[in-house]
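Descriptive structure summary
Now for the letters of each chain:
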Amino acid sequence: MYDVIIIGAGPAGLSAAIYAGRARLKTLLIEKAADGGQIAATSEIENYPGGMLEDESGQTLISRKAEQAARFGAERVYGTVESVALTGHVKTVTCAGDEISSKTVIIAAGAHPRPIGCKNEAAFVGRGISYCATCDANFFRNKEVFVVGGGDAAVEEAIYLTKFARSVTVIHRRDKLRAAKSIQEKAFANEKIKFIWDSVIESVDGNGVLNTMTIRNVKTDVLTDIHADENDKVFGLFGYLGLLPNSALFKDVLPLENGYIRTDEDMRTNIPGVFAAGDIRVKSLRQVITAAADGAIAAVQAEKYISDM
């Protein structure tokens, strides 16, 4: 019997594990893949208070958080959560066929990138289409690269891609970016970055690898075909169009809003002893700092819940 089971080892889950461990709660942290979630694929982090001023990446930040969680005694399991039973005083989480019991559960399963939404997209994922610049930028060294999106992540990763690509073109469906002004200034000052405004990608194609795409101007409906350079034979297409919550497991268990779990300001769901933290919950700002805060609050509230039982 655990005091708290935490589902997900991203910034929210690791923060919850640190706070739960420091409170001497018997804690289990479950992660299905690599620690860090989306932030692990972020090449540069400048806005996390107290982070390293130089060379702070998602991986460096997450590795320190994981070390802290381990130091305070959080146990670890790597596997996929298959089902949950959250009502009653004893909650159960089934992972890799094993049923694990706990007094409380913190859901910090995060979110994943939204697809670009163009025809043939699935056929070219890993063959030119990517959602992770840190993972795949090196494949496009000295080649042309396109980035879809206009928010912080899209523009930051476009800047990162200029370290590898010959040129980077940002395709955005509006006529101005949504990214923070400081990020925009860096992008506009970078000679390698170009912009295609008011446009979306209709379809992609190629002979085994991505080398053709059609974009549509949303104001004029004019279609434009883009082809890879004859010498390159491929170009990169990176999608940064927002997130989709990893909440399918909870759709019949907890109330959702557009797929996100509803909580109060103390991370409590409508089931006593069940909390949600980070990108998976309804909130106005999804950043590392707010995820970390969510995790800390959830762990403190879990401790209070157990004390009151």
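Residues numbered from 1 in each chain as written. Predicted model: local features only at pLDDT ≥ 70, side-chain atom pairs only at ≥ 80, totals over all residues. Heavy atoms only, no water.

A few words on the sheet that holds strand β9 (residues 144-148). With parallel pairing, five strands are arranged side by side in an open sheet as β8-β15-β9-β10-β11. Either end of the sheet is taken by a strand with one partner, and the two such strands are β8 (129-130) and β11 (193-196). (Pairing = 2+ DSSP bridges. Helix = DSSP H or I, 4+ residues; strand = E, 2+ residues; numbered from the N terminus.)

We now examine the nonpolar core. In this structure, Ile 6, Leu 14, Ile 106 and Phe 275 are the most contacted members of the largest nonpolar core, which totals 30 residues. Counting residues per element, the ones that place at least two in this core are β1 (2-7), α1 (11-22), α2 (58-71) and α6 (288-308). Ranked by size, the runner-up nonpolar core spans 23 residues in total, among them Phe 164, Ala 165, Val 168 and Val 234. (Core = buried A, V, L, I, M, F, W, Y, C linked by side-chain atoms within 4.5 Å. Buried < 20%, exposed > 50% of the residue type's maximum accessible area, 1.4 Å probe, protein only.)

This brings us to the pattern of salt bridges. Using the criterion set out here, one finds 13 salt bridges in the structure. With a shortest N-O distance of 3.2 Å, Lys 103 and Asp 3 are connected by a salt bridge. Of this pair, Lys 103 sits in strand β6 (residues 98-107) while Asp 3 sits in strand β1, and the two are 100 residues apart along the sequence. Its relative accessible area of 27% is what places Lys 103 among the partly exposed residues. Of the charged contacts in the structure, one is a salt bridge between Asp 175 and Lys 219, with a shortest N-O distance of 3.8 Å. Placement of Asp 175 in the loop between β10 (167-171) and α5 (181-189) and of Lys 219 in the loop between β13 (212-217) and β14 (223-227) is noted, with a sequence separation of 44 residues between them. A residue is classified by how much of its surface remains accessible, and Lys 219, at 58% relative accessible area, is exposed. Each member of the salt-bridge network shares a partner with another, and the members are Asp 175, Asp 198 and Lys 219. (Salt bridge = Lys/Arg side-chain N within 4 Å of Asp/Glu carboxyl O.)

Moving on: the sheet that holds β13. Across the sheet, which stays open at both edges, the three strands sit in the order β12-β13-β14 with antiparallel pairing between neighbours. Each end of this open sheet is capped by a strand with a single partner; those strands are β12 (199-205) and β14. Each strand of the sheet is rotated relative to its neighbour by a mean of 25 degrees, with strand direction disregarded. Relative to β14, β13 runs antiparallel, the two being bridged by five bridges. What sits directly across from Thr 214, in β14, is Asp 225. (Axes fitted to C-alpha atoms, helices over the stretch in contact; angles between N-to-C directions.)

The next point concerns the packing of helix α4 (residues 152-161) against α5. When two helices pack together, their arrangement is given by the angle between the helix axes and the distance between those axes. At their nearest, the axes of α4 and α5 sit 10 Å apart, and the two run at 35 degrees to each other. Considering the relative orientation of α4 and α5, their crossing is left-handed. Here Asp 152, Val 155, Glu 156 and Ile 159 of α4 come into contact with α5, specifically with Ile 183, Lys 186 and Ala 187. Classifying every residue of the contact of α4 with α5 by side-chain character gives four nonpolar, no polar and three charged. (Left-handed = near helix turned anticlockwise from the far one by under 90°. Contact = heavy atoms within 4.5 Å. Nonpolar A, V, L, I, M, F, W, Y, C, P; charged D, E, K, R; others polar.)

Remember that the coordinates give geometry; whether it matters functionally is a separate question.
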